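Topology and contacts: notes
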Amino acid sequence: MADAPTRKQADSPIFVRSEVDDLGLSVEAFRVYGHLARRAGNNNDAWPSYQSIGDTCFSGSLKPESRRRKAMRAVKELTSRGIIAVTRRRLSGRKGSLSNQYQIVPLSKWPPEIRPKRNRRASASKPS
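Here goes a summary of the coordinates provided. A quick note: this is a predicted structure, and the numbers were derived from the prediction, not measured.

1. Some details on helix α3 (residues 27-39)
- Compared with an ideal rise of 1.5 Å per residue, which puts 13 residues at 18 Å, α3 spans 19 Å between its outermost C-alpha atoms and is within 8% of the ideal.
- When we look at burial in α3, the residues that qualify are Ala29, Val32, Tyr33, His35 and Leu36. An end-on view of α3 places all buried positions within 165 degrees of arc, on one side of the element. Facing away from the buried side of α3, by more than 90 degrees, are the exposed residues Val27 and Arg38.

Next up, the structure:
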């Protein structure tokens, strides 16, 4: 069953759903996921560059030249788990590209193998 923030949690500076916390993501992927979720608009989309992601998420721990690559690896982990989708955006008719579009995948659309299970204890205690 999905966690809904309590009033106390809603007033806290951060709330992490148990479904995300229990995925076993690397520290870097977890950090990037949080950053993309914060940057996402009403449609769960965000458009930061790899460099921007890296600078924001890893400025305290990595040299500037390493941050972009670390961000790319974290995004790859998140896409391989199926919890974000990436659309590569290209400039039409010209060389080069725009920043990627990242979409936070809703819990209900996560891959079946990681999708949250219903609370088994609650269903087991209900009479048949």
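There's plenty left to go through after this.
2. Some thoughts on the sheet that holds strand β3 (residues 101-104)
- Overall, antiparallel pairing links the three strands, which are arranged β1-β3-β2 in an open sheet. Lying at the two open borders of the sheet, with one neighbouring strand each, are β1 (45-46) and β2 (84-87).
- Inspection of the sheet shows β2 paired to β3 by four bridges, in the antiparallel sense. Counted as the bridge partner of Thr87 is Gln101 from β3.

3. A word on the pairing of β3
- Only one face of β3 is covered, namely the one carrying Tyr102 and Ile104; the face carrying Gln101 and Gln103 has none of its residues buried.
- Across two bridges, β1 lies against β3 in antiparallel orientation. Across the sheet, residue Ala46 finds its bridge partner in β3, namely Tyr102.

So, how was this worked out
- Residue indices begin from 1 for each chain and proceed along its sequence in written order.
- At least 70 in pLDDT is required for a residue's local features to be given in this predicted model, at least 80 for side-chain atom pairs to be given and counted, and no such filter applies to totals for whole chains, interfaces and linings, which use all residues.
- Think of the side-chain values as coming from all heavy atoms in the structure, minus any hydrogens and water.
- Segments assigned H or I by DSSP are reported as helices when at least four residues long, segments assigned E as strands when at least two residues long, and all are numbered from the N terminus.
- Residue count minus one, scaled by 1.5 Å, sets the expected span of a helix.
- Using a 1.4 Å probe on the protein chains alone, a residue whose accessible area is under 20% of its type maximum counts as buried, one over 50% counts as exposed, and one in between counts as partly exposed.
- By arc we mean the arc of the directions from the helix axis to the C-beta atoms, nothing more.
- At least two bridges found by DSSP between two strands is the condition for calling them paired.

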